[in-house]
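Now for the letters of each chain:
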Amino acid sequence: MSAGRPAGLRDFYENPAVPVASGDARSSRQARLLAAALRGTTGALVLDVGCGDGTAAATAAPHLAGHRLVGVDWSQDALRRARTRVDHVVRGEFEQGGLPLADGCADAVLFSEVIEHLVDPDGALDELRRVLRPGGHLMLSTPNLAAWYNRGLLLAGVQPVFSEVSLRGIHGRPGSEVVGHLRLCTARALRSLLTASGFTDVRISGAPFHGVPRGLRLLDRAACAVPSAASILLAHARRR
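All values derive from a computational prediction rather than experimental measurement. (Residues numbered from 1 in each chain as written. Predicted model: local features only at pLDDT ≥ 70, side-chain atom pairs only at ≥ 80, totals over all residues. Heavy atoms only, no water.)

A. Highlighting the sheet that holds strand 7 (residues 232-239). Read across the sheet, 7 strands follow the order 3-2-1-4-5-7-6 without closing on themselves; strand pairing throughout is mixed. If you trace the sheet from one side to the other, it starts and ends with strand 3 (88-91) and strand 6 (199-207), each paired once. Here the average twist between neighbouring strands, direction ignored, is 20°. Where strand 5 (residues 132-143) meets strand 7, 7 bridges bridge the pair, whose relative direction is antiparallel. If you follow Thr142 over to strand 7, its bridge partner there is Leu233. Strands strand 1 (45-49), strand 4 (106-112), strand 5, strand 6 and strand 7 of the sheet are contacted by helix 2 (residues 24-37), whose axis makes an angle of about 160° with strand 5. (Pairing = 2+ DSSP bridges. Helix = DSSP H or I, 4+ residues; strand = E, 2+ residues; numbered from the N terminus. Axes fitted to C-alpha atoms, helices over the stretch in contact; angles between N-to-C directions. Contact = heavy atoms within 4.5 Å.)

B. Structural context of the pairing of strand 3. Bridging between strand 2 (residues 68-73) and strand 3 involves 4 bridges; their strand directions are parallel. By the bridge assignment for strand 3, Gly71 is matched with Val89. As for the winding sense of the linkage, the β-α-β connection from strand 2 through helix 4 (residues 76-82) to strand 3 is right-handed. (Right-handed = clockwise from strand over helix to strand, strands pointing away.)

C. Representation of the state of the cysteines within the structure. A complete count under the given rule lists 0 disulfides for this structure. As a non-bridged cysteine, Cys51 has Cys105 as the owner of its nearest cysteine sulfur, 15 Å distant. You can call Cys51 buried: its relative accessible area is 4%. Its relative accessible area of 28% is what places Cys105 among the partly exposed residues. (Disulfide = S-S within 2.5 Å. Buried < 20%, exposed > 50% of the residue type's maximum accessible area, 1.4 Å probe, protein only.)

Coordinates in, geometry out; function isn't part of it.
Structure (structure tokens):
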């Protein structure tokens, strides 16, 4: 799900070996935040844009009972897998005319671990704003460039976790999977980007990263108390 994707990236994301799901802890936290935001509302239309294989939507569904959850992705392979987990899926992308959805149709959008893959995040946020009703909720999550361990890695001259210099292999950073990250945010940068894109009431919280080594997971969960240092940034914003 990207805008202006250069040749090669489409094939990369259509490869079934490329991960299209992220951790359940992040999905659950995000869903609980959205459920709280929608409290008192029934029958809301919630779009999971960039739904991947539907794992995150399936994790969120119990928290969003009474609302309609629709998965949206451009990858045919991802949608094939998502159909086993999500009742409603739609193929759509930001380029080639935008999402096949009406203006202001959605009460909320989940945009989880997508923005870091985009060539044109500004165009994508414009499109999400278009499909949201005025006052609608955007729940966005993305890896944090300034995660607590990345600060130490940079001081040691090591490529930060989540960042990548190649689609063919890992170079100079911890980890073993190439996932196609093109852009990374700090909490301050993410807040500024969302505000500039026409969203208001931006609130940032933190979530743990499922790839942190087992011996460091307690510390990673504790870091969520300071969102600017957390592994994953969770942003809740509203359309103006």
